[in-house]
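Below, each chain spelled out in residue letters.
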Amino acid sequence: LASLIIHAYSPNKIRSILKNLNLSYSDTEVAEIQEELYQRSIEFKTQELNKEALCLYIDAYHTKLKEQDSRKVTKAVIHTVIGVDLNGRKVVYGYYEFFGSENKEHWLMILNDLINRGLKKCLLIISDDFSGLSEAISVLLPKTDHQLCFIHMQRNVRKHMGKEDANDFNDTLKSLKLYKDQTKAIDAFVKLCETYKKKYPSFIAHLLNNKERYFAFLKYPQS
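What you are looking at is a predicted structure, and each value in this text was computed from that prediction instead of being measured.

## Let's talk about the overall build of the protein chain
For the protein chain, the helix and strand inventory stands at 10 helices and 5 strands. Relative to its 223 residues, the protein chain shows a buried fraction of 35%. A separation threshold of at least 6 residues defines the contact pool for the protein chain, and within that pool the share at least 24 residues apart is 57%. A total accessible area of about 14400 Å² is found for the protein chain, and carbon and sulfur atoms account for 50% of it.

So, in structure tokens, the structure goes:
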């Protein structure tokens, strides 16, 4: 029954499934389990966090959700934050539903929630190039480095470049990740981008604007 509720089956659908399985739950029992699951989710989303994190991974899941106090189902995004502590332990720090376009205010809300729940220091945040996130990090966690996802960059290269150019660009990118010196990696990245600047000026300008964030991880020891 808990699984049916978690997967957002309607009350009528739940009754139908329970009936076919010859399981007898009253409406009151179903409502009690729903409330228990809701309270557990609140406890999870308000639990105290460790003061220090090695890094935070932030990713997005696009779906459709029913807005609170409304029957309307609309497009939404769920941002999940996974933290890795200084002992290498991975924990889900939180998830955040959002309707509309991502912006700085949205990310300020998320980071403020993490800070209010105890997070004080984080070395590195890893994410896609979400609109407004870098600005929010610089305001609330100014000493935290922001690493943009290499996989998403490679996908964007294939999206914005011709097939042959994209393959050549991404092949070179793979070697840049293996550099042990951040400055040398950035210099090589700039040189690579300059090769395609005339052909793809807007896209290359975007890549160059984020060059430090693509190689932030090289500031840290390989281990």
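Once you've had a look at it, read on.
## Concerning the nonpolar core
Counting 24 residues, the largest nonpolar core has Met-161, Phe-169, Phe-189, Ile-204, Leu-207 and Phe-215 as its most contacted members. The element contributing the most residues to this core is helix α8 (residues 182-195), with 6 residues. Each residue touching Ile-204, except ones within four places of it in the same chain, is listed here: Met-161, Phe-169, Cys-193, Tyr-196 and Lys-197. Counting 21 residues, the second-largest nonpolar core is a separate cluster that includes Leu-111, Ile-115, Phe-130 and Ile-137.

## Things to note about a nonpolar patch on the surface
A cluster of nonpolar side chains, Leu-21, Leu-23 and Tyr-25, forms an exposed patch at the surface whose accessible area comes to about 290 Å². Relative to the assigned elements, Leu-21 resides in the loop between α2 (11-20) and α3 (27-46). For Leu-21, a relative accessible area of 52% puts it in the exposed group.

## What to know about the packing of α8 against helix α9 (residues 201-209)
Axis separation between α8 and α9 bottoms out at 10 Å; the angle between their running directions is 170°. One element, α8, and the other, α9, form an angle in the roughly antiparallel class. Only Ile-204, Leu-207 and Leu-208 of α9 make contact with α8, whose side of the interface consists of Phe-189, Val-190, Cys-193 and Glu-194. By residue class, the composition of the contact of α8 with α9 is 6 nonpolar, no polar and 1 charged.

## Concerning the sheet that holds strand β1 (residues 52-66)
Whenever strands of a sheet pair, they do so through backbone hydrogen bonds, lying parallel or antiparallel. In space, the 5 strands of this open sheet follow the order β3-β2-β1-β4-β5, with mixed pairing throughout. Across the chains shown, the open sheet's two edge strands, defined by having one partner strand only, are β3 (90-98) and β5 (145-148). Pairwise comparison of adjacent strand axes, ignoring direction, gives a mean angle of 25° for this sheet. Looking at chain direction, strand β2 (residues 73-84) and β3 are connected through 8 bridges and run antiparallel. Residue pairing across strands places His-79 opposite Tyr-96, the latter belonging to β3.

## Here we look at the pairing of β5
Across the two faces of β5 the burial is the same, with Asp-145 and Gln-147 and His-146 and Leu-148 all buried. Where strand β4 (residues 121-127) and β5 come together, 4 bridges link them in parallel fashion. Paired with Leu-124 across the two strands is Asp-145, which belongs to β5. Handedness of the β4-helix α5 (residues 133-140)-β5 crossover: right-handed.

## Focus: α8
Over its 14 residues, α8 runs 20 Å from end to end, which matches the ideal 20 Å to within 8%, given 1.5 Å per residue. Here α8 has its buried residues at Ala-185, Ile-186, Ala-188, Phe-189, Leu-192 and Cys-193. Down the axis of α8, the buried set is contained in an arc of 165°. They therefore lie on one face. Every exposed residue of α8 that faces more than 90 degrees away from the buried side is listed here: Thr-183, Lys-184, Lys-191 and Thr-195.

## Concerning the pattern of salt bridges
One pass over the structure, following the stated rule, counts 8 salt bridges. With a shortest N-O distance of 3.1 Å, Lys-219 and Asp-145 are connected by a salt bridge. With Lys-219 in the segment after α10 (211-214) and Asp-145 in strand β5, the pair connects residues that are 74 residues apart, well separated along the chain. Under the relative-accessibility criterion, Asp-145 is labelled buried at 17%. Between Lys-174 and Asp-171 there is a salt bridge, with its nearest N and O atoms 4.0 Å apart. Pair noted here: Lys-174 and Asp-171 are both in helix α7 (residues 163-176), with a separation of 3 residues, about one helical turn.

Thresholds applied
Residues numbered from 1 in each chain as written. Predicted model: local features only at pLDDT ≥ 70, side-chain atom pairs only at ≥ 80, totals over all residues. Heavy atoms only, no water. Helix = DSSP H or I, 4+ residues; strand = E, 2+ residues; numbered from the N terminus. Buried < 20%, exposed > 50% of the residue type's maximum accessible area, 1.4 Å probe, protein only. Contact = heavy atoms within 4.5 Å. Areas by Shrake-Rupley, 256 points an atom, 1.4 Å probe, with all protein chains shown as cover. Core = buried A, V, L, I, M, F, W, Y, C linked by side-chain atoms within 4.5 Å. Patch = residues over 30% accessible without salt bridge, like charges linked within 9 Å, V, L, I, M, F, W, Y side chains within 5 Å. Salt bridge = Lys/Arg side-chain N within 4 Å of Asp/Glu carboxyl O. Axes fitted to C-alpha atoms, helices over the stretch in contact; angles between N-to-C directions. Parallel < 35°, antiparallel > 145°, perpendicular 65-115°, else oblique. Nonpolar A, V, L, I, M, F, W, Y, C, P; charged D, E, K, R; others polar. Pairing = 2+ DSSP bridges. Right-handed = clockwise from strand over helix to strand, strands pointing away. Expected span 1.5 Å × (residues − 1). Arc of directions from axis to C-beta.

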